[in-house]
Amino acid sequence: MIEEQEDYQETRVRTKTAKGRGFQIQLMKDQSTSAQRAWRKQLNKVEILLINANDAAPLLSERNLLETKMEILVLADERLDEALKRTTKQSA
């Protein structure tokens, strides 16, 4: 009986409504904003270390974190940009 159900079930292609696409885009905007805040916060830490530069080790560590935050920000912005392009293509 379970085998019959597995054969019978077909997956349908799910299409998002305009409201669903808007919700997804808002989530991506929020992620991008959050990534931007995290990057800026890390940049502030690096700037403080540059001003009080006594040792290079903490600066290198914070710089690596800054690069990671920047990569996350770039990825979030790229995802948002792609979603916005898809939305404009679908509405055209």
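Here the structure is a predicted model, which means the values were calculated and not measured.

Participant: So what exactly am I meant to see when it comes to helix H2 (residues 18–51) here?
Facilitator: Structural remark: α-helix, 3.6 residues per turn; residues separated by three or four positions point the same way. With 34 residues, H2 extends 49 Å between its outermost C-alpha atoms, agreeing within 8% with the 50 Å of an ideal straight helix rising 1.5 Å per residue. Among the residues of H2, Ile25, Met28, Ser32, Ala35, Gln42, Leu43 and Val46 are the ones counted as buried. Of the surrounding elements, those touching the buried residues of H2 are helix H3 (56–91).

Participant: Quick question: what am I supposed to make of the pattern of salt bridges here?
Facilitator: This model, assessed by the stated rule, comprises two salt bridges. Residues arginine 63 and glutamate 67 are paired through a salt bridge, measuring 3.8 Å at the closest nitrogen-oxygen approach. Of this pair, arginine 63 and glutamate 67 both sit in helix H3, four residues apart, roughly one helical turn. Exposure remark for arginine 63: the relative accessible area of 40% places this residue in the partly exposed category. Accessibility expressed as a relative area gives 41% for glutamate 67, which makes it partly exposed. Aspartate 81 is the salt-bridge partner of lysine 85, the closest N and O atoms lying 3.3 Å from each other. Note that lysine 85 and aspartate 81 are positioned in helix H3 at a spacing of four residues, about one turn of the helix. A relative accessible area of 37% means that aspartate 81 is categorised as partly exposed.

Participant: What is the right way to read the side chain of glutamate 62 from this model?
Facilitator: With respect to the helices, strands and loops of the structure, glutamate 62 is situated in helix H3. Here glutamate 62 occupies a buried position and makes no salt bridge, while the nearest side chain of opposite charge, lysine 45, is found at 4.9 Å. Not counting the four nearest positions on each side in its chain, glutamate 62 is found in contact with Gln42, Lys45, Val46 and Leu49.

Participant: Sorry if this is basic, but what is going on with the packing of H2 against H3 here?
Facilitator: Helix packing geometry: the angle between the two helix axes and the distance between the axes. Contact pair H2 / H3: the axes reach a minimum separation of 8 Å and the direction vectors enclose 160°. Of the possible angle classes, the one that applies to H2 and H3 is roughly antiparallel. When you trace H2 past H3, the crossing you get is left-handed. Across the contact of H2 with H3, the residue classes tally to 20 nonpolar, six polar and eight charged.

Participant: It is not clear to me how H3 should be interpreted in this structure. Could you clarify?
Facilitator: In this model, H3 (36 residues) spans 52 Å end to end at C-alpha, consistent with the 52 Å of a helix rising 1.5 Å per residue. Where H3 is buried, its residues touch H2. Capping the start of H3, aspartate 55 holds a side-chain oxygen 3.5 Å from the backbone nitrogen of alanine 57, two or three residues further along.

Scoring rules and cut-offs
- Residues numbered from 1 in each chain as written.
- Predicted model: local features only at pLDDT ≥ 70, side-chain atom pairs only at ≥ 80, totals over all residues.
- Heavy atoms only, no water.
- Helix = DSSP H or I, 4+ residues; strand = E, 2+ residues; numbered from the N terminus.
- Expected span 1.5 Å × (residues − 1).
- Buried < 20%, exposed > 50% of the residue type's maximum accessible area, 1.4 Å probe, protein only.
- Contact = heavy atoms within 4.5 Å.
- Salt bridge = Lys/Arg side-chain N within 4 Å of Asp/Glu carboxyl O.
- Lys, Arg positive; Asp, Glu negative; His and termini not counted.
- Axes fitted to C-alpha atoms, helices over the stretch in contact; angles between N-to-C directions.
- Parallel < 35°, antiparallel > 145°, perpendicular 65-115°, else oblique.
- Left-handed = near helix turned anticlockwise from the far one by under 90°.
- Nonpolar A, V, L, I, M, F, W, Y, C, P; charged D, E, K, R; others polar.
- Polar contact = N/O pair within 3.5 Å; in protein donor to acceptor, adjacent residues only side chain to side chain.

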